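# A structural walkthrough
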Amino acid sequence: METKVIKIDRNNIKKEEFAEAGEILRNGGLVAFPTETVYGLGGDGLNPNASKKIYAAKGRPSDNPLIIHIADADDIRKLAVNIPETAWKLAEKFWPGPMTMILNKADIVPKETTGGLDTVAIRLPSDEIARNLIRESRCFIAAPSANSSGRPSPTKAEHVIEDLSGKIDMIIDGGSCDIGLESSIIDLSGEKPLILRPGFITREDFDAVTAGVEYDRAVIAKTPEKNVVAKAPGMKYRHYAPKGNITIVEGEPRNVAEYINRCVSESESKGVRTAVICSDENRDRYKCENVYDLGSRKHELDITSHLFDVLRQLDSDEISVIFAESFDELRLSQAIMNRLRKAAGYNTIRV
Ligand code: TXA
Ligand code: MG
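Here is what the cut-offs are and how they apply
- Residues numbered from 1 in each chain as written.
- Chains lettered and ligands numbered in written order.
- Predicted model: local features only at pLDDT ≥ 70, side-chain atom pairs only at ≥ 80, totals over all residues.
- Heavy atoms only, no water.
- Helix = DSSP H or I, 4+ residues; strand = E, 2+ residues; numbered from the N terminus.
- Rg over C-alpha atoms; globule rule 2.2 N^0.38 Å.
- Buried < 20%, exposed > 50% of the residue type's maximum accessible area, 1.4 Å probe, protein only.
- Contact = heavy atoms within 4.5 Å.
- Areas by Shrake-Rupley, 256 points an atom, 1.4 Å probe, with all protein chains shown as cover.
- Lys, Arg positive; Asp, Glu negative; His and termini not counted.
- Charge placed at Lys NZ, Arg CZ, Asp CG, Glu CD.
- Axes fitted to C-alpha atoms, helices over the stretch in contact; angles between N-to-C directions.
- Parallel < 35°, antiparallel > 145°, perpendicular 65-115°, else oblique.
- Left-handed = near helix turned anticlockwise from the far one by under 90°.
- Nonpolar A, V, L, I, M, F, W, Y, C, P; charged D, E, K, R; others polar.
- Domains from an automatic or database assignment.
- Buried area = accessible area lost by both parts, 1.4 Å probe.
- Salt bridge = Lys/Arg side-chain N within 4 Å of Asp/Glu carboxyl O.
- Polar contact = N/O pair within 3.5 Å; in protein donor to acceptor, adjacent residues only side chain to side chain.
- Core = buried A, V, L, I, M, F, W, Y, C linked by side-chain atoms within 4.5 Å.
- Expected span 1.5 Å × (residues − 1).
- Near = heavy atom within 4 Å.
- 1 Å grid on protein atoms, 1.4 Å probe; cavity = no way out; pocket = protein on both sides within 12 Å on 5 of 7 lines; lining within 4 Å.
- Sits in = over half its atoms within 2 Å of the grid points.

Regarding its fold elements, the chain presents 11 helices and 17 strands. What you see for the chain is a C-alpha radius of gyration of 20 Å, in line with the 20 Å of a compact globule of 351 residues. Counting only C-alpha atoms, the chain reaches 60 × 50 × 35 Å along its principal axes. Relative to its 351 residues, the chain shows a buried fraction of 58%. Taking as baseline every contact in the chain between residues at least 6 positions apart, the subset at least 24 positions apart corresponds to 68%. Here the chain has roughly 15,100 Å² of accessible surface; of this, 46% comes from carbon and sulfur atoms. The average position of the 48 basic charges and that of the 54 acidic charges among the side chains of the chain differ by 3 Å.

Turning our attention to the packing of helix α1 (residues 19–26) against helix α5 (residues 128–137). Taken N-terminus to C-terminus, the directions of α1 and α5 make an angle of 60°; their axes are 8 Å apart at the nearest point. With respect to their mutual orientation, α1 and α5 come out oblique. Seen from above, α1 lies across α5 with right-handed handedness. In this structure, α1 contributes A21, G22, L25 and R26 to the contact, and α5 contributes L133, E136 and S137. Taken together, the residues of the contact of α1 with α5 break down into three nonpolar, two polar and two charged.

Our focus in this paragraph is the domain arrangement of the chain. What the domain assignment lists for the chain is domain 1 (4–220) and domain 2 (245–350). Here the C-alpha centroids of domain 1 and domain 2 sit 29 Å apart. Each side of the interface is counted separately: domain 1 has 27 residues, and domain 2 has 18 residues. Between domain 1 and domain 2, roughly 1,800 Å² of surface is buried when both sides are summed, and carbon and sulfur atoms account for 51% of that area. When the buried surface of domain 1 facing domain 2 is broken down by residue, P152, L181 and F200 rank first, second and third, together holding 29% of it. Counting every contact that joins domain 1 to domain 2 gives six salt bridges. With its nearest N and O atoms 3.1 Å apart, the salt bridge here joins D309 to K156. Run the count over domain 1 and domain 2 and you get 12 residue pairs in polar contact (both at pLDDT 80 or more). Counting residues per element, the ones that place at least two in the side of domain 1 that touches domain 2 are α6 (157–164) and α8 (217–220). Residues of the side of domain 1 that touches domain 2, tallied by class, amount to 12 nonpolar, seven polar and eight charged.

Ranked by internal contacts, the top residues of the largest apolar core, which has 27 residues, are L311, L314, F327 and I336. Those elements giving two or more residues to this core turn out to be β13 (245–250), β14 (274–278), α10 (300–316), β16 (321–325) and α11 (333–343). Discounting residues that sit within four places of it in the chain, I336 has contacts with L181, I303, T304, L307, F327 and L330. L79, L90, F94 and V120 belong to the second-largest nonpolar core, a separate cluster that totals 26 residues.

Here helix α9 (residues 253–269) spans 24 Å end to end across 17 residues, near enough to the 24 Å set by a 1.5 Å rise per residue. All of the buried residues along α9 are V256, A257, I260, N261, C263, V264 and S267. Of the surrounding elements, those touching the buried residues of α9 are β13, β14 and β16. Immediately downstream of α9, the backbone of G271 shows phi near 80°, a positive value.

Around ligand 1 lies a shell of 28 residues, among which T37, N64, H69, S183 and G234 are the nearest. Between T119 and ligand 1, the recorded distance is 3.0 Å, taken from a side-chain N or O atom to a nitrogen atom. Relative to its unbound accessible surface of 690 Å², ligand 1 loses 97% to contact with the protein. Taking a 2 Å distance to the grid points as the criterion, the majority of the atoms of ligand 1 fall inside the largest pocket. Mapped by element, the contributors of at least two residues to the shell around ligand 1 are β4 (67–69), β7 (119–123) and β11 (194–197). Sorting elements by how many residues they give to the shell around ligand 1 places β7 first, with four residues. Looking at side-chain class alone, the shell around ligand 1 contains 16 nonpolar, eight polar and four charged residues.

For the rest of this paragraph, the subject is the side chain of T202. If you trace the backbone, T202 turns up in the loop between β11 and α7 (203–207). Look past the residues within four positions of T202 in its chain and what remains in contact with it is Y215, R331 and L332.

Pasting the structure below:
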């Protein structure tokens, strides 16, 4: 299949630009598109065949449910039943934006889309390209991240092209994603609101709207705990990991740099391609041929928006051994460290 790539300028959007993409979606085809978090691989969420195609294109296990994207908050009435008051409060505060809510599904949502579950994940993105696409297609768009299963989520059209070219109908190139980490997922289908995936909206943010919100233990654990299985099916899969071996090094910046420099010199002396992932603040402390600077800790969106791109670069640069700083103290630490720990297979050392 030939994949058509079109560019859309988010500062100068014309409705006509979405006509072809909308038609593809209505006919059961697949279109990748940007959102404020990561690129999504969209298909008609109410069409079981479109959902099957999404799983096939990504190579994704079919028990891992998709998120349905809407353009109007009221549409949760069509997709969900027994909607609690909290859902409306959260929608009012955080939509449009990087929040996904899990609710009890309505009958029109096919089990192919929800991975066989009786609940449905719903998100109203803030990205103007995404919202225009949803409106113009007149579909509720099921969209997982537009990467091959197991790879880091795509934050640029180039990443989507790398993974899915030839497997889907169209890719809309809208440039880089602002946040670069997937949405926060909050489960409202149980007794207590539970965060199944940490993202840009933190527990403290949720707590300010509705008290008693907790993180699913499995997603903030520093080491995988026995018998604790993540409640979002997707969070249990191996994810984000580059081919090289990452070690996260925690501690005072000076000690961290000293430790990492020692390891780097040992590794490089054996001819092993070695890299460091760090922030602007500590960049100059490192003596290593390959330093990947995520940006300043004072601009957390720089860190989040560069992380997945760097994880992909490590593979294209054929790096085998990687040392990463920790980002424990940031507002978005749970979101960042959740991804970094997974990428590192929970391999962490404190110095
Ligand atoms: O930011 C995002 O959420 C991006 C953009 C494209 O919107 N989408 C995204 O989708 O990250 P995906 O499929 O890569 O991740 C969806 C996560 C998976 O971990 C999945 O298991 C979980 O949401 N999920 C979906 N429906 C669920 C449900 N009914 N119950 C529990 N977890 C669910
Ligand atoms: Mg994903």
